[in-house]
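The primary structure of each chain is shown beneath.
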Amino acid sequence: KNGKIAYGSDEGVGRTYDEDRAVINTEANAFASIDGMGGEGGNGAIAAQILAETLQEGFRAGTSFEEMQGQAFERMKAKFRRGGACYVAARIEGKMLNIAQAGDVKLVVLNQAGEIKFQTRDERCFDFVVNCVGVMSNLPDGGRGRTTRSNVELAAGDRIIVASDGLWDNANADEVVSCVSGKSIQEAIALLDACAREKMTNAREYKARNVQAKPDNINIVIY
């Protein structure tokens, strides 16, 4: 209603399948980034699709984030015995960006000057995700997961970036800022994708130089 959106999702590098999803609802001013967990031949893509459809339905109906997360869990549980997904979902209500999270998908808000004014915290310990939605052992609330809530007041010129770890495992927040600063959202999403793919494609070389790099699926939403 009051801005532009660029978004996309695909298998990235080193994968022949895509467990990521992006959800956009312009009527509700709502969007989400989802990262399925399960691996090739697993149920990560199914879990991500279930969560994406549940969020889209919930955005249309004005359902709470907690209820949407619970509904997605019940649908996953009825579908398979193991699999899950991490996500960040956000809804703009007035001047407030209301955020829900489970896992290590990350959201960053930049102000008009290109400075980071807010970012979510990864819900993982070392390389282990400690919160998500799914039918998996050792998850909070039997797999339903916690709905971690946060909010930030938006101002004119703010830019919201939400993406799966296919971006964040290959570019830190400062690198993301440098890619999007002064760029249109179309240019910004292309640069972010190119930066992540360069790291993914040459992951061994980067790791040998102690630079973080990891082949993975990728999805990005810029609002």
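From a predicted model like this one, the values you see are computed outputs, not experimental measurements.

Novice: Lay out the pattern of salt bridges in plain terms, naming residues and giving numbers.
Specialist: This model, assessed by the stated rule, comprises 13 salt bridges. With a shortest N-O distance of 3.0 Å, Arg75 and Glu57 are connected by a salt bridge. A residue pair is termed long-range when its members are at least 10 positions apart, and Arg75 in helix 2 (residues 65-79) and Glu57 in helix 1 (residues 44-61) qualify at 18 residues. You can call Arg75 partly exposed: its relative accessible area is 35%.

Novice: Before we move on, can you summarise the side chain of Gln56 with the specific residues and values?
Specialist: As for its placement among the helices and strands, Gln56 is situated in helix 1. Discounting chain neighbours no more than four positions away, the residues touching Gln56 are Val23, Ile24 and Asn25.

Novice: So what's going on with the packing of helix 4 (residues 173-180) against helix 5 (residues 185-201)? Which residues, and what values?
Specialist: Interhelical geometry of helix 4 versus helix 5 gives an angle of 135° and a closest axis separation of 8 Å. Taken together, the axis directions place helix 4 and helix 5 in an arrangement best described as oblique. Helix-helix and strand crossings are classified by hand; for helix 4 and helix 5 the assignment is right-handed. Residues Glu175, Val176, Cys179 and Val180 of helix 4 form the contact with helix 5, whose own contacting residues are Ala188, Leu191, Leu192, Cys195 and Lys199.

Novice: Which residues make up the pairing of strand 6 (residues 106-110), and what are the values?
Specialist: Of all five residues in strand 6, five are buried; the element is thus mostly enclosed. Along strand 6, one buried face is formed by Lys106, Val108 and Leu110 and the opposite face, lined by Leu107 and Val109, is buried too. Inspection of the sheet shows strand 6 paired to strand 12 (residues 159-163) by five bridges, in the antiparallel sense. Counterpart to Leu110 in the pairing with strand 12 is Arg159. Following strand 6, the chain reverses through five residues before pairing antiparallel with strand 7 (residues 116-119); Gly114 in that reversal takes a positive phi of roughly 85°.

Parameters at a glance
Residues numbered from 1 in each chain as written. Predicted model: local features only at pLDDT ≥ 70, side-chain atom pairs only at ≥ 80, totals over all residues. Heavy atoms only, no water. Salt bridge = Lys/Arg side-chain N within 4 Å of Asp/Glu carboxyl O. Helix = DSSP H or I, 4+ residues; strand = E, 2+ residues; numbered from the N terminus. Buried < 20%, exposed > 50% of the residue type's maximum accessible area, 1.4 Å probe, protein only. Contact = heavy atoms within 4.5 Å. Axes fitted to C-alpha atoms, helices over the stretch in contact; angles between N-to-C directions. Parallel < 35°, antiparallel > 145°, perpendicular 65-115°, else oblique. Left-handed = near helix turned anticlockwise from the far one by under 90°. Pairing = 2+ DSSP bridges.

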